[in-house]
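In case you want the letters, here they are:
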Amino acid sequence: MPLILITGTPGVGKTTVARELATRLGCGYIDVADLARREGLTLGYDEEAQAHLIDEEGVRERLRAVARGALYVVDTHVVSAVPPELVEVAIVLRLDPRELEFRLSSRGYPRRKVLENVQAEILDACLVEAVSLLGEGRVFEVDATGKSPEEVVAEVLRVIRERSGARPGSVDWLERLGDEALKYLSASA
Ligand SMILES: Nc1ncnc2c1ncn2[C@@H]1O[C@H](COP(=O)(O)OP(=O)(O)O)[C@@H](O)[C@H]1O
Ligand SMILES: [Mg+2]
């Protein structure tokens with residue numbers, strides 16, 4: 001199974017980590033959003049989300065053709081756009097919601113989009129999707145909070161090599177942030 005999936009809420013550091021990981025593994029790198037845009041595998045533009053809607057079936061087909069035989073690191077927050085049977089291991093990057101809020105605000109995201117993503121991170125949205133589509137055995141969490149990109153890449157490499165690491169459920173922002181997490185969840189913009 002030739003795909004290593006790097007997923008997580010937008011802003012957690014997927015692209016930074018996945019590109020370096022591909023270099024270190026000497027394999028290809030695919031950013032699903034880029035692939036979809038480049039190859040016209042989109043279903044129009046979602047004004048509200050301010051993002052292209054991915055033609056998930058089209059992307060899965062394309063990935064099946066591309067990945068035949070070769071190893072790729074795939075970067076996306078849309079786990080359902082990746083053919084599950086090709087995923088060798090999935091890493092869900094996690095980031096303290098407060099740091100995520102800072103990064104997304106710095107990116108110039110509108111407040112509503114910042115909040116939506118921070119809430120998705122608190123509620124484990126990508127993790128839940130990964131576990132439900134891939135099963136628990138291939139899914140690991142890596143908490144990137146307070147770590148340099150190099151440190152995160154090293155931890156991801158260790159998980160890939162040893163097939164061990166943080167199991168789904170080990171990151172719990174509700175527990176760690178307490179009332180602050182509830183504040184994010186009840187906020188609206
Ligand atoms: N470990 C890290 N420490 C500090 N900043 C980081 C780290 N990883 C990524 N970043 C920064 O955070 C922002 C989002 O990273 P990016 O890789 O684009 O995330 P994603 O692909 O998940 O949206 C970028 O400005 C990037 O430079
Ligand atoms: Mg990215």
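Refer to the structure printed above.
Residues numbered from 1 in each chain as written. Chains lettered and ligands numbered in written order. Predicted model: local features only at pLDDT ≥ 70, side-chain atom pairs only at ≥ 80, totals over all residues. Heavy atoms only, no water.

Draft legend 1. Representation of unusual backbone geometry within the structure. With a phi angle near 60 degrees, Asp124 is a residue other than glycine that sits in the positive phi range. Structurally, the position occupied by Asp124 is in the loop between helix H5 (111-122) and helix H6 (125-134). (Helix = DSSP H or I, 4+ residues; strand = E, 2+ residues; numbered from the N terminus.)

Draft legend 2. Region of interest: a nonpolar patch on the surface. A cluster of nonpolar side chains, Leu123, Leu174 and Leu182, forms an exposed patch at the surface whose accessible area comes to about 270 Å². By the secondary structure assignment, Leu182 is in helix H9 (residues 179-186). Under the relative-accessibility criterion, Leu182 is labelled partly exposed at 46%. (Patch = residues over 30% accessible without salt bridge, like charges linked within 9 Å, V, L, I, M, F, W, Y side chains within 5 Å. Areas by Shrake-Rupley, 256 points an atom, 1.4 Å probe, with all protein chains shown as cover. Salt bridge = Lys/Arg side-chain N within 4 Å of Asp/Glu carboxyl O. Buried < 20%, exposed > 50% of the residue type's maximum accessible area, 1.4 Å probe, protein only.)

Draft legend 3. Summary view of the packing of H5 against H9. The N-to-C vectors of H5 and H9 enclose an angle of 135 degrees; their axes lie 9 Å apart at closest approach. If you check the angle between H5 and H9, you find them oblique. In terms of crossing hand, the pair formed by H5 and H9 is left-handed. Residues Leu115, Val118, Gln119 and Ile122 of H5 pack against Ala181, Tyr184 and Leu185 of H9. Residue classes in the contact of H5 with H9 are distributed as 6 nonpolar, 1 polar and no charged. (Axes fitted to C-alpha atoms, helices over the stretch in contact; angles between N-to-C directions. Parallel < 35°, antiparallel > 145°, perpendicular 65-115°, else oblique. Left-handed = near helix turned anticlockwise from the far one by under 90°. Contact = heavy atoms within 4.5 Å. Nonpolar A, V, L, I, M, F, W, Y, C, P; charged D, E, K, R; others polar.)

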